[in-house]
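Architecture and fold: a report
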Amino acid sequence: MSQVISLHRREEELIKEIAELSEQNFYACYQCGKCTSACPLTFAMDEPPHQILRFLQLGQAKRLIESRSPWACIGCLSCATYCPKGVDLARIMEALRTVHLRRLDAPFCYTQDDGERLSTLPQSALVAALRKVTW
Ligand code: SF4
Ligand code: SF4
């Protein structure tokens, strides 16, 4: 029982950290799915963009920082452009990558190919960091 409570607390902390880093309100999302329709990289994701928001709303952060989807995201902003609620998913994806990299106990980073393990910083993290300073 105490293990369940500790996992729940840990998930709450992760959700808070992702919200602070991304500065996005997860609860504004009403699951219309436009972000997923607009995303050109869903084929490489294990969780589609609208599902990422749903898991965040449900407090299921651990499965997201272990997900391949944030590493497939190229930060193109199509999702944010089409979202009727102004949710910027690209920022959430970047926050998920950051939280993942901050926790060295997280399993590993993915490429866009199924399960390929990386021992160095993934390219998508470098591209996202570069965009942050050039936008
Ligand atoms: S487009 Fe916006 S409101 Fe619709 S599912 Fe995606 S994040 Fe949620
Ligand atoms: S920013 Fe990422 S999640 Fe959004 S549409 Fe582009 S690739 Fe997909």
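Up top you'll find the structure we're talking about.
Here we summarise the structure given alongside this text. Everything quoted here is computed from the prediction, not taken from an experiment.

As a further point, take the overall build of the protein chain. Scanning the protein chain for helices and strands turns up eight helices and zero strands. Along its sequence from the N terminus, the protein chain presents helices and strands in the succession α-α-α-α-α-α-α-α. The buried share among the 135 residues of the protein chain stands at 44%. About 7,900 Å² of surface is accessible on the protein chain, with carbon and sulfur atoms providing 52% of the total.

Before going further, it helps to spend a moment on the nonpolar core. Generally speaking, a soluble globular protein has its nonpolar side chains buried in company with each other. Core analysis: the biggest nonpolar cluster contains 29 residues, and Ile 18, Ile 52, Leu 56, Leu 89, Ile 92 and Leu 96 have the highest contact counts within it. Among the secondary structure elements, those contributing two or more residues to this core are α1 (2–22), α3 (49–57), α4 (62–65) and α7 (89–102). A per-element tally of this core places α7 first, with six residues. The residues contacting Ile 92, other than those within four sequence positions of it, are Ser 22, Gln 24, Phe 26, Ile 52, Leu 53, Leu 56 and Val 87.

The next thing to look at is the site of ligand 1. Close contacts around ligand 1 come from Cys 29, Tyr 30, Gln 31, Cys 32, Gly 33, Lys 34, Cys 35, His 50, Cys 83, Pro 84, Lys 85 and Val 87, and that covers them all. The class makeup of the residues in the shell around ligand 1 is seven nonpolar, three polar and two charged.

Reading guide: rules and limits
The residue count restarts for each chain, going from 1 along the sequence in the order it is written. Written order decides the labels, with chains lettered from A and ligands numbered from 1. Local features in this predicted model are restricted to residues of pLDDT 70 or higher, and side-chain atom pairs are both shown and tallied only at a pLDDT of 80 or more, whereas totals for entire chains, interfaces and linings draw on every residue. Hydrogens and waters are ignored; side-chain quantities use all the structure's heavy atoms. Put simply, DSSP marks the helices as runs of H or I at least four residues long and the strands as runs of E at least two long, and each gets a number from the N terminus on. Each residue's exposure class comes from its accessible area (1.4 Å probe, protein chains only) as a fraction of the maximum for that residue type: buried when under 20%, exposed when over 50%, partly exposed otherwise. Here the Shrake-Rupley method, with its probe set to 1.4 Å, supplies the accessible areas, and only the displayed protein chains count as covering residues. The definition of a nonpolar core used throughout is a set of buried Ala, Val, Leu, Ile, Met, Phe, Trp, Tyr and Cys residues joined through side-chain atoms within 4.5 Å. Throughout, a residue-residue contact means that at least one pair of heavy atoms, one from each residue, lies within 4.5 Å. Near is defined per residue: the residue qualifies when any heavy atom it owns lies within 4 Å of the molecule or strand. Side-chain classes are defined by residue name, with Ala, Val, Leu, Ile, Met, Phe, Trp, Tyr, Cys and Pro counting as nonpolar, Asp, Glu, Lys and Arg as charged, and the others, Gly among them, as polar.

Purely spatial values, then, with no claim about function.
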